[in-house]
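What follows is the residue order along each chain.
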Amino acid sequence: MRRVGKILLVICCVLFLFSTAVVLTLACRPLYYHDVRSLHIEEMSGYSEEEIRENYDALIDYNLSPFIKTLEFPTLAMSREGEIHFREVKSIFQRLLWMALITGLIAVIGTVGRIRKRDLSYLRYVGIASLVIPAGLGALIALNWERAFVMFHELVFDNDYWLFDAVTDPVITILPDAFFMHCTLMILGLIAVQAVGCILASMRGKDAGL
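Residues numbered from 1 in each chain as written. Predicted model: local features only at pLDDT ≥ 70, side-chain atom pairs only at ≥ 80, totals over all residues. Heavy atoms only, no water.

**Q** Run through the nonpolar core, naming residues and quoting values.
**A** Counting residues in each nonpolar core, the largest one holds 44 residues, and the members touching the most others are Tyr32, Phe86, Tyr122, Val126, Ile174, Leu175 and Phe179. Taken together, the elements giving at least two residues each to this core come down to helix H1 (2-27), helix H2 (29-38), helix H4 (49-64), helix H5 (80-116), helix H6 (122-143) and helix H8 (177-207). For this core, the element with the most residues is H1, which contributes 10 residues. Look past the residues within four positions of Ile174 in its chain and what remains in contact with it is Tyr32, Ile41, Ser45, Tyr47, Ile52, Asn55, Tyr56 and Leu76. (Core = buried A, V, L, I, M, F, W, Y, C linked by side-chain atoms within 4.5 Å. Buried < 20%, exposed > 50% of the residue type's maximum accessible area, 1.4 Å probe, protein only. Helix = DSSP H or I, 4+ residues; strand = E, 2+ residues; numbered from the N terminus. Contact = heavy atoms within 4.5 Å.)

Listed below in structure tokens is the structure:
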């Protein structure tokens, strides 16, 4: 039973690292603001930077808040298919938020228990397990980002509503593929940093007799 408990704690911690990395990236608006200029989104879309930010902020607020039930862009039109897609995206992010909260609570309680038992070795397994998937995804992205992007959408969504038409859903003109690649790299980077932190904490714990 003690071994099972340790395995479950490792799984919860890994899920916490992944979910928090995604949520933090979603909430990191400066990443997009930087890309607006570096990717020349104004010129690509034909919208001003102020208008681009307003519509992007509305999208992020919608995805992050459980209280905003309807997505309304300040100045952009949206098709029925686009509305359905964004509703599905919001559902995914809301689940990740709950996952981060629940697994985070379990991780804290579990870590306190492990500290009392003077055993932080589980953090090494958390770190190693968390590094495997980013390494694999990183390799896939390096080989063919566009194919990885399409595969992700085909796996996550059971329709093709994510294939936007710029005429009916002009929001796609302010969300270039390169921005999503930067988001993915940030997620993988955050996971890697947290994973290395877990491994280092395990090593320090071992040196301290934990």
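Once you've had a look at it, read on.
**Q** Report on the confidence of the model for the chain, specifying residues and quantitative values.
**A** Averaged over the chain, the pLDDT score is 91; the fraction of residues at 70 or greater is 96%. Between the elements of the chain, mean pLDDT differs from a low of 85, seen in H6, to a high of 98, seen in H4. (pLDDT = per-residue confidence, 0-100.)

**Q** How would you explain H4 if you had to name every residue and give the values?
**A** Its 16 residues place the ends of H4 22 Å apart at the C-alpha level, agreeing with the 22 Å of an ideal helix rising 1.5 Å per residue. Turning to H4, its buried residues are Glu49, Ile52, Asn55, Tyr56, Asp57, Ala58, Leu59, Ile60, Tyr62 and Asn63. (Expected span 1.5 Å × (residues − 1).)

**Q** Any chance you could break down unusual backbone geometry for me, citing the residues and the numbers?
**A** It is generally the case that most residues other than glycine have a negative phi and that most peptide bonds are trans. Positive phi outside glycine occurs at His40, with the angle close to 55 degrees. Note that His40 resides in the loop between H2 and helix H3 (41-45).

**Q** Requested: an account of the side chain of Ser65, with residues and values cited.
**A** Within the secondary structure, Ser65 is located in the loop between H4 and H5. At 3.1 Å, the side chain of Ser65 forms a polar contact with the backbone nitrogen of Phe67. Discounting residues that sit within four places of it in the chain, Ser65 has contacts with Lys90 and Gln94. (Polar contact = N/O pair within 3.5 Å; in protein donor to acceptor, adjacent residues only side chain to side chain.)

**Q** Let's hear about the pattern of salt bridges: which residues, and what values?
**A** Under the definition given, this model contains 7 salt bridges. Taking the shortest distance from any N to any O, the salt bridge between Asp119 and Arg114 comes out at 3.0 Å. With respect to burial, Asp119 and Arg114 carry one shared label: buried. A network of salt bridges, in which partner residues are shared, links Lys6, Arg114 and Asp119. (Salt bridge = Lys/Arg side-chain N within 4 Å of Asp/Glu carboxyl O.)

**Q** Pulling in residues and values, what's your account of the packing of H4 against H5?
**A** The contact between H4 and H5 brings their axes to 8 Å, and the two run at 50 degrees. When the interaxial angle is binned, H4 and H5 end up oblique. Every residue of H5 that contacts H4 at Leu59, Tyr62, Asn63 and Leu64 is listed here: Phe86, Arg87, Val89, Lys90, Phe93, Gln94 and Leu97. For the contact of H4 with H5, the per-class residue count stands at 7 nonpolar, 2 polar and 2 charged. (Axes fitted to C-alpha atoms, helices over the stretch in contact; angles between N-to-C directions. Parallel < 35°, antiparallel > 145°, perpendicular 65-115°, else oblique. Nonpolar A, V, L, I, M, F, W, Y, C, P; charged D, E, K, R; others polar.)

**Q** Residues and numbers for the side chain of Thr173, please.
**A** Within the secondary structure layout, Thr173 lies in the loop between helix H7 (145-156) and H8. A distance of 2.5 Å separates a polar atom in the side chain of Thr173 from the backbone oxygen of Pro170. Thr173 has contacts with Ile41, Ser45, Tyr47 and Ala166, leaving out every residue within four places of it along the chain.

**Q** Could you give an account of the packing of H2 against H4, with specific residues and numbers?
**A** For the pair H2 and H4, interaxial distance at closest approach is 11 Å and the crossing angle is 150 degrees. Relative to H4, the element H2 is oriented roughly antiparallel. Here H2 runs over H4; the crossing is right-handed. Where H2 abuts H4, its residues Arg29, Tyr32, Tyr33, Val36 and Arg37 lie against Glu49, Ile52, Arg53, Tyr56, Asp57, Ile60 and Asp61. The residue makeup of the contact of H2 with H4, split by class, is 6 nonpolar, no polar and 6 charged. (Left-handed = near helix turned anticlockwise from the far one by under 90°.)

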